[in-house]
Amino acid sequence: MKEDMLVQDTNVVDEQEEGTTSDQPTIESLTAERDQLVEQLQRSVAEFRNYRRRTDEQRSELRSLATRDVMLSVLPLVDDLVRASANIPEDKQLDGLREGLGAIERKFLNILERNGVTPVGAVGEPFDPAFHEAVATDESGDRSHIVEVYQTGYRQGDFALRPAMVKVGAEPKFQA
């Protein structure tokens with residue numbers, strides 16, 4: 001009987017020892033869990049960086065589109081100022097008016113420039129259908145360059161806000 005009790009007691013002790021070893025995590029399992037958590041954290045950080053980059057790009061694109069719309073609405077005012085300045089008669093009494101219109105025109109052009117808007121369509125430039133609209137042609141038959149500008153065009157970066165209305169012809173020969 002004593003022997004039976006001893007065997008039973010050692011069985012209980014063995015079961016307790018086995019239970020404690022199986023309930024306690026091993027170094028290998030802790031290392032694997034740590035590696036898994038580190039990997040999840042790295043993935044989360046990478047996803048957040050990608051999210052922030054995408055939202056910054058979207059915000060920049062929206063800002064560019066909004067600016068583009070405002071600049072398009074300003075272009076007719078610039079055209080009107082240029083035409084008004086060009087049509088003021090040469091008279092000393094109108095010099096103040098000419099200077100005033102010139103100052104306003106420069107302010108508008110500075111606003112356009114600050115927003116990345118640049119004019120296109122100067123005489124002598126090669127004709128580019130992405131930024132120029134040919135409304136007339138020269139008699140020479142060659143239509144590779146701009147020979148006259150009817151309305152200045154504007155671009156913002158690689159986007160044409162408004163194509164320049166031009167007359168195309170052979171490359172002009174400038175004499176020095």
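Summary of the structure given here. Keep in mind the model is a prediction, meaning the values are calculated, not measured.

## Notes on the pairing of strand β4 (residues 153-156)
Part 1 of the argument: Inspection of the sheet shows strand β1 (residues 117-120) paired to β4 by four bridges, in the antiparallel sense. By the bridge assignment for β4, Val-117 is matched with Gln-156.
Part 2 of the argument: In this sheet, strand β5 (residues 159-162) lies alongside β4 in antiparallel orientation, the contact comprising three bridges. The residue bridging Tyr-154 from the neighbouring strand is Arg-162, located in β5.
Part 3 of the argument: Hairpin geometry of β4 and β5 is characterised by an intervening segment of two residues between the two adjacent antiparallel strands and by a positive phi of about 70 degrees at Gly-157.

## Structural notes on the sheet that holds β4
Part 1 of the argument: An order of β1-β4-β5 is seen for the three strands of this open sheet, with the pairing classed as antiparallel. Looking at which strands have only one partner, the edges of the open sheet turn out to be β1 and β5. Averaged over all adjacent pairs, the angle separating strand axes in this sheet is 35 degrees, with direction ignored.
Part 2 of the argument: Against the sheet, helix α2 (residues 27-86) makes contact with β1, β4 and β5, and its axis sits at roughly 35 degrees relative to β5, the strand it touches most.

## As for the packing of α2 against helix α3 (residues 95-114)
Part 1 of the argument: Two numbers describe how α2 lies on α3: the axes approach to 10 Å, and their chain directions differ by 155 degrees. Classed by the angle they form, the pair α2 and α3 counts as roughly antiparallel. For the pair α2 and α3, the sense of crossing is left-handed. Two secondary-structure elements touch here, α2 through Met-71, Val-74, Leu-75, Leu-77, Val-78, Leu-81, Val-82, Ala-84 and Ser-85 and α3 through Leu-101, Gly-102, Ile-104, Glu-105, Phe-108, Leu-109, Ile-111 and Leu-112.
Part 2 of the argument: Taken together, the residues that form the contact of α2 with α3 break down as 14 nonpolar, two polar and one charged.

## Concerning the sheet that holds strand β2 (residues 132-137)
Sheet strands associate in pairs through backbone hydrogen bonding, adopting either a parallel or an antiparallel arrangement.
Part 1 of the argument: If you walk across this open sheet you meet the three strands as β2-β6-β3, and the pairing is mixed. A strand with exactly one partner marks an edge of an open sheet, and here the two such strands are β2 and β3 (145-151). Neighbour-to-neighbour, the strand axes of this sheet turn through a mean angle of 40 degrees, independent of strand direction.
Part 2 of the argument: Relative to strand β6 (residues 164-169), β2 runs parallel, the two sharing five bridges.

## Looking at the layout of surface pockets
Part 1 of the argument: In this model, the largest pocket occupies a volume close to 210 Å³.
Part 2 of the argument: Around the largest pocket, the lining residues are Val-78, Asp-79, Val-82, Arg-83, Glu-105, Leu-109, Pro-119, Val-149, Tyr-150, Gln-151, Thr-152 and Tyr-154.
Part 3 of the argument: Where the lining of the largest pocket is concerned, the elements lending two or more residues are α2, α3 and β3.
Part 4 of the argument: Per element, the largest residue contribution to the lining of the largest pocket is four residues, and it comes from α2.

Reading the values: rules and limits
Residues numbered from 1 in each chain as written. Predicted model: local features only at pLDDT ≥ 70, side-chain atom pairs only at ≥ 80, totals over all residues. Heavy atoms only, no water. Pairing = 2+ DSSP bridges. Helix = DSSP H or I, 4+ residues; strand = E, 2+ residues; numbered from the N terminus. Axes fitted to C-alpha atoms, helices over the stretch in contact; angles between N-to-C directions. Contact = heavy atoms within 4.5 Å. Parallel < 35°, antiparallel > 145°, perpendicular 65-115°, else oblique. Left-handed = near helix turned anticlockwise from the far one by under 90°. Nonpolar A, V, L, I, M, F, W, Y, C, P; charged D, E, K, R; others polar. 1 Å grid on protein atoms, 1.4 Å probe; cavity = no way out; pocket = protein on both sides within 12 Å on 5 of 7 lines; lining within 4 Å. Points joined across faces, edges and corners; volume = space filled by probe spheres on them.

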